[in-house]
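# Descriptive structure summary
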Amino acid sequence: MCLGVPGKIVEKYEKGGLQMAKVDFGGVFREACLAYVPEANVGEYCIIHVGFAISLLSESEANETLDLLKQIGTFEEEIGQG
Amino acid sequence: MKYVDEYRSAPLVKGVIQEIRRTVTRPWTLMEICGGQTHAIVRHGIDQLLPPEIELVHGPGCPVCVTPLELIDKALEIASQPDVMFCSYGEMLRVPGSGRDLFSVKAQGGDVRVVYSPLDAVALAEKNPGKEVVFFAIGFETTAPPNVMSVLHAQRLGLTNYSVLVSHVCVPPAIRAILSSPDHRVQSFLLAGHVNAVMGYHEYSSLLDEFHIPMVVTGFEPLDIVQGILKAVQLLEAGKIEIANAYSRAVTFDGLRPAQDSIHQVFMECDRTWRGIGVIPMSGWCLRPEFDRFNAEKRFDVGTIKTQESSLCIAGQILQGLKKPHDCPAFGVECMPESPLGATMVSSEGACAAYYKYKR
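Residues numbered from 1 in each chain as written. Chains lettered and ligands numbered in written order. Predicted model: local features only at pLDDT ≥ 70, side-chain atom pairs only at ≥ 80, totals over all residues. Heavy atoms only, no water.

### With respect to the state of the cysteines
Residue and element names in this part refer to chain B. The full count for this structure, using the stated rule, is 1 disulfide over all chains. Across the disulfide from C62 sits C65; the S-S distance is 2.1 Å. Residues C62 and C65 are joined through a disulfide that is right-handed, its torsion about the S-S bond being 65°. Classification of C62 by relative accessible area gives buried; the value is 1%. Residue classification places C65 among the buried positions, given a relative accessible area of 2%. In this structure C170 is a free cysteine whose sulfur lies 8.5 Å from that of C270, the closest cysteine sulfur available. Its sulfur unpaired, C328 is 6.3 Å from the next cysteine sulfur, which belongs to C313. Relative accessible area serves as the criterion here: at 11%, C328 is assigned to the buried category. (Disulfide = S-S within 2.5 Å. Buried < 20%, exposed > 50% of the residue type's maximum accessible area, 1.4 Å probe, protein only.)

Structure (C-alpha cells):
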C-alpha cells in the first residue's frame, strides 16, 4: 500500500479546484493529483501513490547516489582483476 | 524507465552486496518496516544473497495486515447496508473479518467498489447524490495525505453523502512498541522510505535517544534496499547511533510540509489497535471532531460488534518480527492466499503472502 511508482509529469491542469497532472509511467498514462507537490514541472518525475504525487524526485541526489554505488562496483572489478 | 531500471541493475546490486560482505564482522538483525520492502527482498532473493551474519526480520508496515478486526467487521456491516456504495483499495477486499470479507458482501449484492485513488470515491459521491458513499481510509503516513485530501475536497464540493471509515496508523509508535518488547531482537531499522517522503525523518530522533539504535531511510528497489542494508551495517559496525538517508532522491529531513499540514488539519493522534498486536497508545490518527460529518463511524450505527479471530493465525508475532511465516503450522496448509486465516497472507505487503508467492 505504501508502494509508490515514479512517473513523469507530461501535462499539468486544474480539475475541480485541484492541481492535477497527466503522468507517464513508462508508456502507461494516468492522472495524479499534484496538490502536495505543486512546484513539480512538466518533464520532472514524482513518486505517485494512490493517485497523488508524494515526492518530487531530485535528479542531482539520484545521480550522486548512483555515482557512489558505481564506484563500489568498479572497486569490486578492480579487486577481481587484481 | 528512469528511476526504476538503474535501481534494478544486477551488477550494481552485486557490488553493494560485496561491500556488505567486506564490512560485516559479526551477526546483526535488521528489521525492514515496510511490507513492500519485504516483498521486494523476497522477490529479488536479496535475503539469500546476503552474508549469513545478516538476518532480516519483517516488520508491521502492512496497513491491510494491521487494520483491526473490529474495523473490518464495521466495514462489512456498513457495506452491507442498502443505499451504501462502499469504496476501498483493492487489497482490503479479501482481508478476512470475523467469518467473511468484503468480496462476500459484494457477492451477496452489496455495492462494494475498488478505487485507485480516494478522489475516485469523492467523484462517485458527486455523481450519486442518492447514495451514501463510504471510503475505507486505511494506511500509514504515506496514504494519509491522499485520504485527508478526499475529505477536504468533499468539504469544498459541499458533499453531504461522503464519509470515511478511518484506520490510520503511524510508524514511530510501532517502532517504540517493538523495541519496548523484552523479546525483540532488532538492532537496526530500515525505515519505510515513502512514509519518510511524507513525514521526513526528524521525528525519529527521539527514538534514537531512547533506544540507541541506528536507522536508515530506505527505498523500495533492489539497489535501494541493499544500499539501506549496507548503510545500516556500516553504522552498526562503527557503533554509530544515527539516522542515515539511503533514499535521498525522494526523501528530505523535513518531508512534505503541505501534506503534513493537511494531515494535521483533518486528523488528530489517537490510540489504535493493531491487528494481532493489540493497542498501541497514540499510534494512529482519527478525524478531528470538526469533521464528524465525514466520519462513517458516527454516520452509521452498526451496533455492538463481536469479533472472532482465527485461533491458528500467528500474524501478530510475524508482524513484530518475533516469528517468520514458516513458524506457523497453518502456513500453506489451512492458510493460503485464496483462503487466508490472517491478513498477512492476503496483502501484497504481507510477509506470509511473500513467502508463499516466492516459495520460501
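There is more to say after this.
### Considerations on helix α5 (residues 69-79) of chain B
Residue and element names in this part refer to chain B. Among the 11 residues that make up α5, 9 are buried, leaving the element largely enclosed by the rest of the structure. Taken as a whole, α5 has its buried residues at L69, L71, I72, D73, K74, A75, L76, I78 and A79. Looking at the buried side of α5, the elements it contacts are β3 (84-88), α6 (102-107), β4 (111-114), β5 (132-139), β6 (162-169) and α14 (296-299). (Helix = DSSP H or I, 4+ residues; strand = E, 2+ residues; numbered from the N terminus. Contact = heavy atoms within 4.5 Å.)

### Overview of helix α12 (residues 222-238) of chain B
Residue and element names in this part refer to chain B. Taking 1.5 Å of rise per residue, 17 residues should cover 24 Å, and α12 covers 24 Å from first to last C-alpha, within 8% of that figure. Burial within α12 is extensive, with 14 of its 17 residues counted as buried. After α12 finishes, the residue G239 shows a positive phi value of roughly 70°. (Expected span 1.5 Å × (residues − 1).)

### A look at the packing of helix α1 (residues 10-23) of chain B against α12(B)
Residues and elements named next belong to chain B. With their axes 9 Å apart at the nearest point, α1 and α12 run at an angle of 15° to one another. For the element pair α1 / α12, the angle class is roughly parallel. Relative to α12, the crossing made by α1 is left-handed. Counting all contacts with α1, which are made through L12, V13, V16, I17, E19, I20 and T23, the residues of α12 involved are P222, L223, V226, Q227, I229, L230, V233, Q234 and E237. Among the residues forming the contact of α1 with α12, the class breakdown is 11 nonpolar, 3 polar and 2 charged. (Axes fitted to C-alpha atoms, helices over the stretch in contact; angles between N-to-C directions. Parallel < 35°, antiparallel > 145°, perpendicular 65-115°, else oblique. Left-handed = near helix turned anticlockwise from the far one by under 90°. Nonpolar A, V, L, I, M, F, W, Y, C, P; charged D, E, K, R; others polar.)

### Some thoughts on the pairing of strand β8 (residues 215-218) of chain B
All names here are of chain B. Across the two faces of β8 the burial is the same, with M215 and V217 and V216 and T218 all buried. As paired elements, strand β7 (residues 188-192) and β8 share 4 bridges and run parallel to each other. Note on β8: the bridge partner recorded for F189 is M215. One ladder, built from 3 bridges, connects β8 with strand β9 (residues 243-245); its direction is parallel. Across the sheet, M215 pairs through a bridge with I243, a residue of β9. (Pairing = 2+ DSSP bridges.)

### As for the nonpolar core
Residue and element names in this part refer to chain B. Core analysis: the largest hydrophobic core is formed by 149 residues, its most contacted members being F86, Y162, I175, F189, Y204 and I229. With 9 residues, α12 is the single largest residue contributor to this core. The residues contacting F189, other than those within four sequence positions of it, are M31, I33, I175, I178, L179, I213, P214, M215 and V216. In this structure, I318, M345, A354 and Y355 belong to the second largest nonpolar core, which totals 12 residues. (Core = buried A, V, L, I, M, F, W, Y, C linked by side-chain atoms within 4.5 Å.)

### Some points on the confidence of the model for chain B
Chain-level pLDDT for chain B is 95 on average; 100% of the residues reach the 70-or-more range. As scored by the predictor, the complex reaches a pTM of 0.94 and an ipTM of 0.94. (pLDDT = per-residue confidence, 0-100.)

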